[in-house]
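# Secondary and tertiary structure notes
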Protein chains: 2
Amino acid sequence: MRIILLSGGSGKRLWPLSNDARSKQFLRLLKAPDGTPESMLQRIVRQIRESGLDASITIATSAAQKDAITNQLGNHVDVVTEPERRNTFPAIALASTYLSLEHHCTRDEIIVVMPIDPFTEGSYFQTIGRMAQAVEQGAAELLLMGIIPTTPSSTFGYVLPALDEGKTGIFPVARFVEKPDTQVAEQLIAEGALWNGGVFAFRLGYMADIVKRYIQVGSFAELHSRYLELPKISFDYEVVEKATSVAVIPFTGSWKDIGTWNNLTEEMFDCAMGNVVIGEDAEGTHVVNELDIPIVCLGTKNIVVAASPDGILVSDKSSSPKLKPYALRFNQRPMYEERRWGTYKVMGYNLLPDGYRALTKILCLHAGCNISYQYHNRREEVWTFIDGEGRLALDGQVTKVKRGDVVHIKVGQKHAIHADTLLQIIEVQMGSELVEEDIVRLDWDWSDKSV
Amino acid sequence: MRIILLSGGSGKRLWPLSNDARSKQFLRLLKAPDGTPESMLQRIVRQIRESGLDASITIATSAAQKDAITNQLGNHVDVVTEPERRNTFPAIALASTYLSLEHHCTRDEIIVVMPIDPFTEGSYFQTIGRMAQAVEQGAAELLLMGIIPTTPSSTFGYVLPALDEGKTGIFPVARFVEKPDTQVAEQLIAEGALWNGGVFAFRLGYMADIVKRYIQVGSFAELHSRYLELPKISFDYEVVEKATSVAVIPFTGSWKDIGTWNNLTEEMFDCAMGNVVIGEDAEGTHVVNELDIPIVCLGTKNIVVAASPDGILVSDKSSSPKLKPYALRFNQRPMYEERRWGTYKVMGYNLLPDGYRALTKILCLHAGCNISYQYHNRREEVWTFIDGEGRLALDGQVTKVKRGDVVHIKVGQKHAIHADTLLQIIEVQMGSELVEEDIVRLDWDWSDKSV
């Protein structure tokens, strides 16, 4: 049995903590059993490992998320990166092909696809085990998990089960209704409909045959390079709704979407995270502060406050699901990112009247890591080293750098930095255009570059 | 007639906008008649000038506030700076002596002392005119303004008027009660007591005689240098409560202390100042944002949000008067200051595990202004020029500097900068101790230093 975890897109519903560079599943806002904070990603992987399911995990995601995943789970996690975002059918097709052609799984291998972000309990994974067993026993070619609806929500797909004649707890699917309005949803729930939980079980050969209709490849690399030929469509529309042999197993335990602030705060690690003071007369107040400056809350009731270098949200909890259109107004560059080599945080951004820009960042490089050899066409950079020791490559010359050193990197000047210890740098970028994309990367091998 | 405006201390009740370097009276949060924002200081000076009172204004304040006052009112304003903060009696003694010995006012000159921060209307200044007239006509040696109480507040001094036998509207004072508890205040109000509005009128000679009891000086400079000999006591305790000939004139117009967020928001320029988005379902929400990043408020009711480089306040309006003890916890360096030469804003502060510090600021120098020739004993500085042109003096050598230039100023290295145009600099300070006081200033004359 193989589990494919779908690690989805950016999401603005937890702005300002989630952004284009940091998806909600990476926010360490939940509480692990050992009392430390953990992310949705860390939680679900821990839960799978604790569940007793005999399954190895493959995470299907975008290249942009790979660094964050390995930072949180370690280097040994199995990650398939999509060349670009194209919806869930191509993503699952890519991951299935990867398991088939790289891991040499057989056509009989049971595959379970699941989302990364439900907040749920241990019995969820027992239901997954029953889904896999049902596929194995031939109950249906495709098994879904049905969630018991709690409200007539119009954001879910609904699955209407048919009669379970054999009393097996495995229900054939009568029909699907995708995101009905509230009135229709109420009617469906009265008829016994379930939410489609986005968990699917099938044999690898089942998916392979569907993929073959679009594209036949000889290697995983070939599918990766021809990824654009796969249709931009969801797995639900392309596979689930067309399936002729499909059944659903209801999950009756607790299950919650914690992708909005009001739901997330119910499960948050602590009501005050970061530099926060909550006055004694505040009630139901949750604050996450990723800024260095303090937040003080006085007399607030049922409020969530979230602050990051991207912005500050102050929301009545009940209004927080309405955040998305407001957050979409701020289509700015990421102000904080976790990278393979460490993190950066934007300290300030100055747009001058003539269009010239200055961007000030603090870079923290992990010991032993390095920023690749590169140059910029549109910006110069000033690096002031405030902590640690490292080696700087500048137009091919390597020198030692340490606290107190200053380097001015001109436009076109090739540079790389290797951290011998934890290295902290204040970087001032200057130029008429300051974008992450203005990087020309070059080969460089640190192993033969001692000073 | 001379008006002495008392420009008081730092105040934490409007944290995070007010701090040790920026008092509440300098916040440009009110609305001038021409539709632009103005500060409490600018408002009261404008009101005095519009009132028709034939009075010149002297502002009594600390040296730390002088730059902010001249930035807001221009260079021609008359400012007396106290050598240190010692309460209102010494401050008024100093300003009175200044008027007597520097402006050569006579003992008969009518002096009106008033606070800088009441939010009031035009008739307030007519009452001041009547107080001055009452002193002139000998109704009493000392005239007070009484404010009609609106609540049994325990933060004010109360003045109990005696019978106005001549029906002149000028009441002899029966007694004073300083900051009574609410119950006593209620009783006092029932007996017709008024709040002491902190406005006093007297002849200059009256005050001069009181000052002489403590110290006799031959010049203003002498009093300035012997300022510590004056007792640290309020004008109310030292003068008002001991006065034998004292009367009060009630002011019946609108008068408000806008030194707390709930009161200030009622008079604020706009409900959203700075980079702010208020959602359509928010009510009674006021936001002041001095940060570059956006603030979004959704569904909030009767909330004030204030953000500056010092911190972020989110408060129910009714709880905002309780702010002070919370704000006092943050005894940090100023993160934003207006100076004679321009402004600085702290972008980031990094305290490293071994106690070494880095502080990143953006400096904006007005064209024609300069930072004095100086050196530091405990820090080095890196200046990256992101806009404008100027001249840099470094160990006696003057060079032109412009956008893109970088200067590394080592410990002990003498430096000054003159802005030929508006000049913007990203400054990184590094050292084991980073305090504003680590500045050794030297003489330097830019007039003969062209390049």
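Scroll up a little and you will see the structure.
Just so it is clear, the structure is predicted and the values come from calculations on it, not from any experiment.

## Side note on the pairing of strand β24 (residues 379-387) of chain A
As a general feature of sheets, a regular strand has side chains that alternate between the two faces. All names here are of chain A. Within β24, nine of the nine residues are buried, leaving the element largely enclosed by the surrounding structure. Note that β24 and strand β29 (residues 423-431) share eight bridges and pair antiparallel. Residue E380 lies in a different strand from β29, and its bridge partner there is M430.

## Focus: the packing of aromatic side chains
What the rule picks out here adds up to 28 aromatic pairs over all chains. Seen from their ring centres, F200 of chain B and F235 of chain B are 4.7 Å apart, and the 40 degrees between their planes marks the pair as tilted. Pair noted here: F200 of chain B is in strand β11 (residues 194-203) and F235 of chain B is in helix α8 (residues 235-240), with a separation of 35 residues, a long-range link. Overall, F235 of chain B belongs to the buried group, its relative accessible area being 0%. Of the aromatic side chains, those joined through ring pairs into one cluster are F200, F202, Y206 and F235 of chain A. The ring of F269 of chain A has K31 of chain A lying over it, and the distance from NZ or CZ to the ring centre is 5.3 Å. Its end group placed over the ring of Y344 of chain A, K361 of chain A keeps NZ or CZ at 3.7 Å from the ring centre.

## Notes on the side chain of D236 of chain A
Residue and element names in this part refer to chain A. As for its placement among the helices and strands, D236 is situated in helix α8 (residues 235-240). As a buried residue without a salt bridge, D236 has its nearest oppositely charged side chain in K179, at a separation of 8.6 Å. If sequence neighbours within four positions are ignored, D236 has contacts with N196, F200 and E241.

## Focus: the relation of the copies chain A and chain B
When chain A is fitted to chain B, the residual RMSD is 0.1 Å, and the transformation amounts to a turn of 180 degrees plus an axial shift of 0.0 Å. Here the two chains are linked by the operation of a two-fold rotation axis. Considering only C-alpha atoms, the part of chain A nearest the rotation axis is M347 of chain A, at 2.8 Å.

## Overview of the interface of chain A and chain B
Chain A puts 57 residues into the contact, and the matching count from chain B is 57 residues. There are four salt bridges connecting chain A and chain B. Counting the contacts that link chain A with chain B gives 18 residue pairs in polar contact (both at pLDDT 80 or more). Mapped onto the side of chain A that touches chain B, the elements with two or more residues apiece are β17 (295-298), β18 (303-308), β19 (311-316), β21 (342-351), β22 (357-365), β24, β27 (406-409) and β29 of chain A. Of the residues contributing to the side of chain A that touches chain B, the split by class is 32 nonpolar, 14 polar and 11 charged. In the sheet, β19 of chain A pairs with strand β17 (residues 295-298) of chain B via four bridges, with the strands oriented parallel. Among the inter-strand pairings, S315 of chain A is bridged to a residue of β17 of chain B, identified as L298 of chain B.

## As for the pattern of salt bridges
This structure, assessed with the given rule, holds 50 salt bridges over all chains. Taking the shortest distance from any N to any O, the salt bridge between R46 of chain A and E38 of chain A comes out at 2.7 Å. As a salt-bridge pair, R13 of chain B and D257 of chain B come within 3.6 Å of each other at their nearest N and O atoms. Of the two residues, R13 of chain B sits in the loop between β1 (2-6) and β2 (30-31) while D257 of chain B sits in strand β13 (residues 255-257), which places them 244 residues apart along the sequence. The structure contains a network of salt bridges with shared partners spanning E38, R46 and E50 of chain A.

## Considerations on unusual backbone geometry
The amide bond that connects W15 of chain A to the next residue, P16 of chain A, takes the cis arrangement and shows omega of 5 degrees. Unlike most non-glycine residues, H104 of chain A shows phi in positive territory, near 55 degrees. Its location among the elements puts H104 of chain A in the loop between α3 (88-101) and β6 (110-115). Backbone geometry places N87 of chain B, a non-glycine residue, at a positive phi of 90 degrees. With relative accessibility at 40%, the residue N87 of chain B sits in the partly exposed group.

## Here's the deal with the nonpolar core
By size, the foremost hydrophobic cluster in this structure holds 45 residues, and its most contacted members are L5, M114, Y124, I128 and L143 of chain B. Among the nonpolar cores identified, the runner-up in size contains 44 residues, and L5, M114, F125 and L188 of chain A belong to it.

## Some thoughts on the sheet that holds strand β16 (residues 286-289) of chain A
Judged by pairing direction, the sheet is mixed, and its six strands sit side by side in the order β14(A)-β16(A)-β18(A)-β19(A)-β17(B)-β15(B) without closing on themselves. Whereas interior strands pair on both sides, the edge strands pair on one side only; in this sheet they are β14 (272-273) of chain A together with β15 (276-278) of chain B. Bridge analysis of β15 of chain B against β17 of chain B gives three bridges, and the strand direction is parallel. The residue bridging I278 of chain B from the neighbouring strand is C297 of chain B, located in β17 of chain B.

## Some remarks on helix α2 (residues 66-73) of chain B
Of the positions making up α2 of chain B, those classed as buried are A68, I69, T70 and Q72 of chain B. Directly beyond the C-terminal end of α2 of chain B, a positive phi value near 95 degrees is found at G74 of chain B.

## Observations concerning the pairing of strand β22 (residues 357-365) of chain B
Residues and elements named next belong to chain B. Among the nine residues in β22, seven count as buried, and that is most of the element. Across nine bridges, strand β21 (residues 342-351) lies against β22 in antiparallel orientation. Across the sheet, the residue bridging to L351 is R357, located in β22. Connecting the antiparallel pair β21 and β22 is a turn made up of five residues, with G355 showing a positive phi of about 90 degrees. Taken together, the nine bridges between β22 and strand β29 (residues 423-431) define a ladder with antiparallel strand orientation.

## Some thoughts on the sheet that holds strand β26 (residues 397-402) of chain B
Taking strand neighbours across the sheet as the criterion, the five strands line up as β26-β25-β28-β23-β30 (chain B) in an open arrangement whose pairing is antiparallel. Whereas interior strands pair on both sides, the edge strands pair on one side only; in this sheet they are β26 and β30 (440-441) of chain B.

## So, α3 of chain A
Over its 14 residues, α3 of chain A extends 20 Å from the first C-alpha to the last, a length consistent with the 20 Å expected when each residue adds 1.5 Å. Taking burial as the measure, the 14 residues of α3 of chain A include 11 buried ones, the bulk of the element.

Calculation rules
Residues numbered from 1 in each chain as written. Chains lettered and ligands numbered in written order. Predicted model: local features only at pLDDT ≥ 70, side-chain atom pairs only at ≥ 80, totals over all residues. Heavy atoms only, no water. Buried < 20%, exposed > 50% of the residue type's maximum accessible area, 1.4 Å probe, protein only. Helix = DSSP H or I, 4+ residues; strand = E, 2+ residues; numbered from the N terminus. Pairing = 2+ DSSP bridges. Phe/Tyr/Trp six-rings, centres within 6.5 Å; stacked < 30°, edge-to-face > 60°. Lys NZ or Arg CZ within 6 Å of the ring centre and 35° of its normal. Lys, Arg positive; Asp, Glu negative; His and termini not counted. Salt bridge = Lys/Arg side-chain N within 4 Å of Asp/Glu carboxyl O. Contact = heavy atoms within 4.5 Å. Least-squares fit on C-alpha atoms with pLDDT ≥ 70 in both. Polar contact = N/O pair within 3.5 Å; in protein donor to acceptor, adjacent residues only side chain to side chain. Nonpolar A, V, L, I, M, F, W, Y, C, P; charged D, E, K, R; others polar. Core = buried A, V, L, I, M, F, W, Y, C linked by side-chain atoms within 4.5 Å. Expected span 1.5 Å × (residues − 1).

Function cannot be inferred from these measures alone, as they are strictly geometric.
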